Amino acid sequence: SDSTDEKKKFLFSFQPKEIKLKVKILKKALLDKNIDVIHYAATELNKIETELQNKINILEKKEDKEELYKTYKTYINSGLLYDSILEFYLKKAFELLRNLDKNTIDKEEELLSLCKLSDEKEEYENIIKKRIRKKEEKKDIQDYCHFLYQENRFEDLLEIFKKYKSKNIDIPYGFKQYIKE
């Protein structure tokens, strides 16, 4: 929209469940021409970050490790963190996840997620291969194929496709030309 009032009205009323989406929209609003829109977006981004930081501080004092982990994960995925600060929170999340006692969080699934975010390729591959050996679930196989494709490990990818052909694994688009059905 070109209307400043419409932009501000939208930003005031936009309350998605996912913080990541709200942060993305607010960051886009920071690039607006109108100073009021920019100011509001900056204020809201600051408010979101402050709320997350306050929640983290409260949970650290309560020693609610599971909820703290979930809050770290929300903060990490929010789009608010970059570079060394992101790395710092990823390390804290890894440490916390490894020390969780409760079984309400699928640690393996969460480790895979954190490995992707932190670019821990070797650990990611070890975990996903172990999961495939245990259960041979289609989702894990496809995730592993996607990983191999991104790593340009086409021979390994081809081998996995051949081995699990009966699972009807989706072939990465750019790799279809090399696979003969």
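Right above here is the structure, for reference.
Fair warning: this is a prediction, and the values are worked out from it, not measured in the lab. Each chain has its residues counted from 1, running along the sequence as written. Restriction of local features to residues with pLDDT of at least 70 applies here, the model being predicted, together with a cutoff of 80 or more for giving and counting side-chain atom pairs; totals for whole chains, interfaces and linings are based on all residues. Water and hydrogen atoms play no part in the side-chain values, which are based on all heavy atoms of the structure.

Enquirer: Where do I start with the pattern of salt bridges in this structure?
Expert: Working definition: two side chains of opposite charge can pair if their charged atoms are close together. Each reported salt bridge corresponds to a side-chain nitrogen of Lys or Arg within 4 Å of a carboxyl oxygen of Asp or Glu. What the rule picks out here adds up to 18 salt bridges. For Glu66, the salt bridge is made with Lys70, and the minimal N-O distance between the two is 3.7 Å. With Glu66 and Lys70 both in helix H4 (residues 65-77) and four residues apart, this pair spans about one turn of that helix. Classification of residues uses two cut-offs on accessible area relative to the type maximum, computed with a 1.4 Å probe and protein chains only: under 20% is buried, over 50% is exposed, and between them is partly exposed. For Glu66, a relative accessible area of 11% translates into the label buried. The exposure class of Lys70 is partly exposed, given its relative accessible area of 38%. Across the pair Arg131 and Asp140 runs a salt bridge, and its minimum N-O distance is 3.2 Å. The residues Arg131 and Asp140 share a single accessibility class, namely buried. Working definition: helices are DSSP H or I runs of at least four residues, strands are E runs of at least two. Numbering for both runs from the N terminus.

Enquirer: Looking at this structure, I do not really get the nonpolar core. What am I missing?
Expert: Side chains of nonpolar character tend, in soluble globular proteins, to be buried together. In terms of nonpolar packing, the biggest core is built from 46 residues, with Tyr69 and Leu114 touching the most fellow members. The biggest single contributor to this core is helix H3 (residues 35-62), with eight residues. Contacts: residue pairs with any heavy atoms within 4.5 Å of one another. Not counting chain neighbours up to four residues away, the residues in contact with Tyr69 comprise Ala93, Leu96, Leu97, Leu100, Ile105, Glu110 and Leu114. The nonpolar core is taken to be a set of buried Ala, Val, Leu, Ile, Met, Phe, Trp, Tyr and Cys residues, with the residues joined through side-chain atoms within 4.5 Å.

Enquirer: Sorry if this is basic, but what is going on with unusual backbone geometry here?
Expert: The phi torsion of most residues other than glycine is negative, and most of the peptide bonds are trans. We note that Asn152 has phi near 60°; this positive angle belongs to a residue other than glycine. Tracing the chain through its elements places Asn152 in the loop between helix H8 (138-150) and helix H9 (154-163). Although it is not a glycine, Asn168 adopts a positive phi angle of roughly 55°.

Enquirer: Any chance you could explain the packing of aromatic side chains here in plain terms?
Expert: The way to describe two aromatic rings as a pair is by their centre distance and the angle between their planes. Pairing of aromatic side chains here covers Phe, Tyr and the six-membered ring of Trp, requires ring centres within 6.5 Å, and sorts the geometry by plane angle: under 30 degrees stacked, over 60 edge-to-face, intermediate tilted. Per the counting criterion, the structure on display carries six aromatic pairs. Between Tyr75 and Tyr89, the aromatic rings sit 5.0 Å apart at their centres with planes inclined by 70°, giving edge-to-face as the arrangement. Taken together, the residues span a long stretch of sequence, with Tyr75 in helix H4 and Tyr89 in helix H5 (residues 83-98) at a distance of 14 residues. Across this residue pair, the class does not change: Tyr75 and Tyr89 are buried. In this structure an aromatic cluster arises from ring pairing among Tyr72, Tyr75, Phe88 and Tyr89.

Enquirer: Would you take a moment to explain the layout of surface pockets for this structure?
Expert: Empty space among the atoms becomes visible once a probe the size of a water molecule is rolled across them. Estimates place the volume of the second largest pocket at around 210 Å³. Cavities and pockets were defined on a 1 Å grid built over protein atoms only: a cavity is a set of grid points that admits a 1.4 Å probe from which the probe cannot escape, a pocket is an open set flanked by protein on both sides within 12 Å along at least five of seven lines, and lining residues are those with an atom within 4 Å of any such point. Lys129, Ile132, Arg133, Tyr144, Arg153, Asp156, Glu159, Ile160, Lys163 and Tyr164 together form the lining of the second largest pocket. Those elements giving two or more residues to the lining of the second largest pocket turn out to be helix H7 (121-135) and H9. Per-element tally for the lining of the second largest pocket: the top contributor is H9, with four residues. Under the grouping applied here, Gly and all other residues not named as nonpolar or charged are polar, the nonpolar ones being Ala, Val, Leu, Ile, Met, Phe, Trp, Tyr, Cys and Pro and the charged ones Asp, Glu, Lys and Arg. When the residues that make up the lining of the second largest pocket are grouped by side-chain class, the tally is four nonpolar, no polar and six charged. Grid points are joined across faces, edges and corners, and a volume is the space filled by probe spheres set on the points.

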